Amino acid sequence: MAETATRSKPAGSGSKGRRGGTRSGGSRSQQSQGKTAPQAESPETLRDYFRQMSLIRRFEERAAQGYTQAKVGGYCHLNLGEEATVVGLMSALRRSDYLFTNYREHGYAIAKGIEPGKVMAELYGRTTGTSKGLGGSMHMFDTEVGLLGGYGIVGGQVPLATGAALAIDYRGGDEVVMCQMGDGTTNIGAFHESMNIAALWNLPVVFVVINNYLGMGTTVEMSSAESELYKRAVAYRMHGERVDGNDVVAVREAAGRLVEHARKTGEPAMLEAVSHRMKGHSVVDPAKYRNSEDAEAAREADPVAAFREQLVSANVLDEDGAAEIERAVQADVDAAVAFADDSPHPDPATLFDYTYATPVANDSRRLPADPVF
Amino acid sequence: MAVITYRQALHDTLREEMLSDENVFLIGEEIGVFEGSYKITAGLLEEFGEKRVRDTPIAEEGFVGAAVGAAMLGLRPVVELMTINFSLLALDQIVNHAAKIYGMFGGQSNAPMVLRTPGGGGQQLGATHSQNIELYYAFVPGLKVVAPSTPADARALLKASLADNDPVLFLENLALYNTKGEVPDDMPPAEIGRAGVTRTGSDITIIGYSRMATVATQVADQLGEEGISAEVIDLRSLRPLDRETLVESVRKTGCAVIAEDDWLTYGIGAEIAASISDGAFDYLDAPVRRVAAAEVPLPYAKPLERAALPSAESLNAAVRQTLDAVGHRR
């Protein structure tokens, strides 16, 4: 696949409003109507996509609830509205492939294969969490499934992902690195430095930009001189394309193609998934900056409901089958919450256990009121 | 036992480590074809090839971050940052990422890497190329910061840094590259977190690191000719900091002068002075003095640059003032 980004036709391009932040409505809802035919995947796979998307939806709703109950602290960025993108991307990776994400990561952690209970326990700050309670919502990690971290600084993960791909290349492995980020990330220096390095050294990394059109409260048109973000790949002689992020099958197909190409050739690529963020930037953000048209479009595009409807009308699922999946998912989330609730908080005596991987002489282990001598 | 330069000690040790561990690779600007701005990596591209001696674009954040990511998967990158001034471009990757990987993820991953970088003034390079900002890194838990002052230390600390499973900022100094010293062939790695007592004495303690540790040793030798017995401590490790050794020395001598190339206010000497206050207050016969760089963006003009940097003369003068204050009889 030697084609350049300019050859890829962006879904819905041309109808999107330019600068000024008002999206001329139709573009993304039109995409939703033009779903990829699900026939490309087996019914079992499609039902599993629906199960995972529903699981992430329920999980995130409970995470938000946990925040209002003060069981979850800090920041809490949800994947609500992006479930199709999350599941489509993760289904394209092997367990041995690596994933680096930003701070909006709960769904990715679950879809990459981490038990929801472990993810919820991390939100609760418990020892059974993905990072033993030391990372929280933004910093999940699991070597077993290849999640090499969620990162709280915008774009911090992009050079790291490039380096992981360098290590794979160094050893001649066939794993691929996926590096997820939001649209706002494409304007930082580290993004461009890393794209350049990955292309220069032919590293097997797929940069995935989730374009939900909002970097916190700033629209992509306000922050990116070229707001069709996949086109940025051209500057690095990298293949880039755009996909409808509300269409799980389309995301799976595009991601799978780019991942397998990177695996075979080592060539990096960039995928832009156009999606919606149903809520604010984080759970405490009422998103007052959104106009009603935009908020309504996000609600209408609901990928979980749309996919359910699509599977029922294609006879992949019947109402009972869908309801049964929803009940099972609800039970999984209840169990995750119970697990988190029942898990122990870290013991303050362990405070200094993870400062250094190689213990050293004179490592300071004093608590705030301790004397130095 | 060979007498070699600090530069040669670094080169030889890097080469040896590359020969013994194929996970060790070098990454940085101009380290390959150009053989390194300060020639530490001379000949290594030819010997080890592009895979292991990797010239990078001028993109510090990108390649330092790539080294962190590679280290997370078990490689052992040695990053050359052309000068510590340029490390500022990579500050996010060093402070927010390399230093946090182990703790933030509950010990599931780590970043075993060495960031080699020279600092220091005195070469008429102007304000942006002459800084001693190692403090920025020594401040951060999760990082280790070492500063060898002699060829032997350079070897022993580089070995220790490469064997370490954490990110280590390895501070070199432009003024030290051509200095010579004995380096035993079978030197064991140093212990990170331990200071060295390079001269023993009973009248006064002089504490320094990097270039100023060598200056302190010279000054102690000069004073010794006059019958003044100065003890010299070379910190070697800025994080972790070996407070025990320096406090023990001050308890013995009763007074101390700190010699540092960085700026006084909030500098490394401030932490040392506070440590002495914490651990040896009752033993002090005089206030702890600090000899540090003048607090200006370092000027280019030679007389101004010279006036701004601490020297053997300025350290000698400070030591004598302290000795006068305690009523030392020569």
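Residues numbered from 1 in each chain as written. Chains lettered and ligands numbered in written order. Predicted model: local features only at pLDDT ≥ 70, side-chain atom pairs only at ≥ 80, totals over all residues. Heavy atoms only, no water.

- An unreviewed UniProt entry annotates chain B as Pyruvate dehydrogenase E1 component beta subunit of Actinopolyspora righensis.
- Database annotation for chain B, UniProt heading Cofactor (unreviewed entry): "thiamine diphosphate". (UniProt positions renumbered as here; feature names shortened; annotations may be inferred.)

1. As for unusual backbone geometry
Here is step 1: With an omega of -5°, the peptide bond running from Arg239 of chain B to Pro240 of chain B counts as cis.
Here is step 2: Mapped onto the elements of the fold, Pro240 of chain B is located in the loop between β12 (237-239) and α9 (243-253).
Here is step 3: Positive phi is not limited to glycine here, since Lys132 of chain A has a value of about 60°.
Here is step 4: Mapped onto the fold, Lys132 of chain A is located in the loop between α5 (116-123) and β2 (147-150). (Helix = DSSP H or I, 4+ residues; strand = E, 2+ residues; numbered from the N terminus.)

2. Comments concerning the environment of Ile153 of chain A
Here is step 1: In this structure, Ile153 of chain A sits in the loop between β2 and α6 (157-171).
Here is step 2: Separated by 43 residues in sequence, Ile153 of chain A and Asn196 of chain A place their C-alpha atoms 20 Å apart.
Here is step 3: Excluding residues that lie within four positions of it along the chain, Ile153 of chain A makes contacts with Asp92, Asn96 and His97 of chain B. (Contact = heavy atoms within 4.5 Å.)

3. A few points about the packing of helix α3 (residues 83-91) of chain A against helix α9 (residues 248-265) of chain A
All names here are of chain A.
Here is step 1: Axis separation between α3 and α9 bottoms out at 7 Å; the angle between their running directions is 35°. Once α3 is placed against α9, the crossing between them reads as right-handed. Contacts between α3 and α9 pair Ala84, Thr85, Val87, Gly88, Leu89 and Ser91 from the former with Val248, Val251, Arg252 and Ala255 from the latter.
Here is step 2: Residue composition of the contact of α3 with α9, grouped by class: six nonpolar, three polar and one charged. (Axes fitted to C-alpha atoms, helices over the stretch in contact; angles between N-to-C directions. Left-handed = near helix turned anticlockwise from the far one by under 90°. Nonpolar A, V, L, I, M, F, W, Y, C, P; charged D, E, K, R; others polar.)

4. With respect to the interface of chain B and chain A
Here is step 1: The interface of chain B with chain A comprises 61 residues on the first partner and 46 residues on the second.
Here is step 2: Here chain B meets chain A over a buried area of about 4,200 Å², counting both sides, of which 64% is carbon and sulfur.
Here is step 3: Per-residue buried area on chain B facing chain A is highest for Leu73, Phe105 and Gln108 of chain B; these three make up 16% of the total on that side.
Here is step 4: Along the contact surface separating chain B from chain A lie zero salt bridges.
Here is step 5: Counting across the chain B and chain A interface gives 23 residue pairs in polar contact (both at pLDDT 80 or more).
Here is step 6: Breaking the side of chain B that touches chain A down by element, the ones donating at least two residues are β2 (24-28), β3 (53-55), α3 (60-72), α4 (91-98), α5 (101-104), α9 and α10 (268-280) of chain B.
Here is step 7: Of all the elements, α3 of chain B adds the most residues to the side of chain B that touches chain A, at ten residues. (Buried area = accessible area lost by both parts, 1.4 Å probe. Salt bridge = Lys/Arg side-chain N within 4 Å of Asp/Glu carboxyl O. Polar contact = N/O pair within 3.5 Å; in protein donor to acceptor, adjacent residues only side chain to side chain.)

5. Here's the deal with the pattern of salt bridges
Here is step 1: Under the defined criterion, the tally for this structure stands at 34 salt bridges over all chains.
Here is step 2: In this structure, Arg236 of chain B engages Asp153 of chain B in a salt bridge whose closest nitrogen and oxygen atoms are separated by 2.7 Å. Of the two residues, Arg236 of chain B sits in the loop between β11 (230-234) and β12 while Asp153 of chain B sits in helix α7 (residues 151-163), which places them 83 residues apart along the sequence.
Here is step 3: Arg236 of chain B gets classed as partly exposed once you look at its relative accessible area, which sits at 22%.
Here is step 4: Each member of the salt-bridge network shares a partner with another, and the members are Arg94, Asp97, Asp174, Glu260 and Arg263 of chain A. (Buried < 20%, exposed > 50% of the residue type's maximum accessible area, 1.4 Å probe, protein only.)

6. Some points on the pairing of strand β4 (residues 205-211) of chain A
Residues and elements named next belong to chain A.
Here is step 1: Most of β4 is tucked away, with seven of its seven residues classed as buried.
Here is step 2: Going residue by residue along β4, you find Val205, Phe207, Val209 and Asn211 tucked away on one face and Val206, Val208 and Ile210 tucked away on the opposite face as well.
Here is step 3: For strand β3 (residues 177-182) and β4, the ladder comprises six bridges, and the chain directions are parallel. Bridged to Val177 within β4 is Val205.
Here is step 4: For the segment spanning β3, helix α7 (residues 189-200) and β4, crossover handedness is right-handed.
Here is step 5: Examined bridge by bridge, β4 and strand β8 (residues 269-274) share six bridges and lie parallel to one another. Of the residues in β8, the one forming a bridge with Val209 is Glu272. (Pairing = 2+ DSSP bridges. Right-handed = clockwise from strand over helix to strand, strands pointing away.)

7. Looking at the side chain of Ser343 of chain A
Residues and elements named next belong to chain A.
Here is step 1: For Ser343, the location among the structural elements is in the segment after α12 (319-342).
Here is step 2: A polar atom in the side chain of Ser343 sits 2.7 Å from the side chain of Thr128.
Here is step 3: Discounting chain neighbours no more than four positions away, the residues touching Ser343 are Arg126 and Thr128.

8. A closer look at the side chain of Ser282 of chain A
All names here are of chain A.
Here is step 1: Turning to its location among the elements, Ser282 is positioned in the loop between β8 and α10 (292-300).
Here is step 2: Judged by its relative accessible area of 8%, Ser282 is buried.
Here is step 3: Every residue in contact with Ser282, bar those within four places of it in the chain, is listed here: Cys76 and His77.

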